[in-house]
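Observations on the three-dimensional arrangement
The chain contents come next:
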Amino acid sequence: MQTIDYSDFQKIDIRIGTIVQAEVFENARKPSFKLWVDLGELGVKKSSAQITDLYQPEGLIGKQVICICNFPPRQIANFMSEILVTGFDDGQGRISLATVDFPAPNGGKLH
C-alpha cells in the first residue's frame, strides 16, 4: 500500500450529509439511483449511486452518508453528479453505504 502525507488527506473534502430525495436512475447504463444529499452550508448536492442491490429509494430518505465533495462534477447520462457518496463492497459485489453511528450536523467535515 502506498502511503500519503497528512497534507494529501487534507485536500479531500469529506463531509456528512442526509439523503433528502432518491429515485431510480432510468437512463443509467448500470442499475443506479439518483440521490439528493443535504450537505448543510454547501446546500443540496446530487449524486448517482450504484447501490440498488441493498437499498430501495424510499429506505434511503433520512439516511446520513459520507461524501467526497470536491471531485469535479461528472455527467452521467442526463444527470450531473456533483458529489461521490461512499460505501464498501460487502464481499459479494454489493455496495453498503458508509455512514455514522450517531447523527452529525449536515455538512460536518471528517476529522
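Okay, so let's go over this structure.

About the cut-offs
Residues numbered from 1 in each chain as written. Predicted model: local features only at pLDDT ≥ 70, side-chain atom pairs only at ≥ 80, totals over all residues. Heavy atoms only, no water. Pairing = 2+ DSSP bridges. Helix = DSSP H or I, 4+ residues; strand = E, 2+ residues; numbered from the N terminus. Salt bridge = Lys/Arg side-chain N within 4 Å of Asp/Glu carboxyl O. Buried < 20%, exposed > 50% of the residue type's maximum accessible area, 1.4 Å probe, protein only.

**Digging into the sheet that holds strand β3 (residues 44-49)**
- The antiparallel open sheet is built from five strands, whose spatial order is β3-β2-β1-β4-β7. The two strands at the open ends of the sheet, each matched to only one other strand, are β3 and β7 (84-85).
- Alignment of strand β2 (residues 33-38) against β3, held across six bridges, turns out to be antiparallel. Note on β3: the bridge partner recorded for lysine 34 is serine 48.

**Points about the pattern of salt bridges**
- For the structure on display, the rule yields six salt bridges.
- Residue aspartate 13 pairs with arginine 15 through a salt bridge whose shortest N-O separation is 2.8 Å. Arginine 15 carries the same exposure label as aspartate 13, and that label is buried.

**Side note on the pairing of strand β1 (residues 14-24)**
- The pairing of β1 with strand β4 (residues 64-68) spans five bridges and is classified as antiparallel. Its bridge partner being in β4, isoleucine 16 is matched across the sheet by isoleucine 66.
- For β1 and β2, the ladder comprises six bridges, and the chain directions are antiparallel. Bridged to alanine 22 within β2 is leucine 35.

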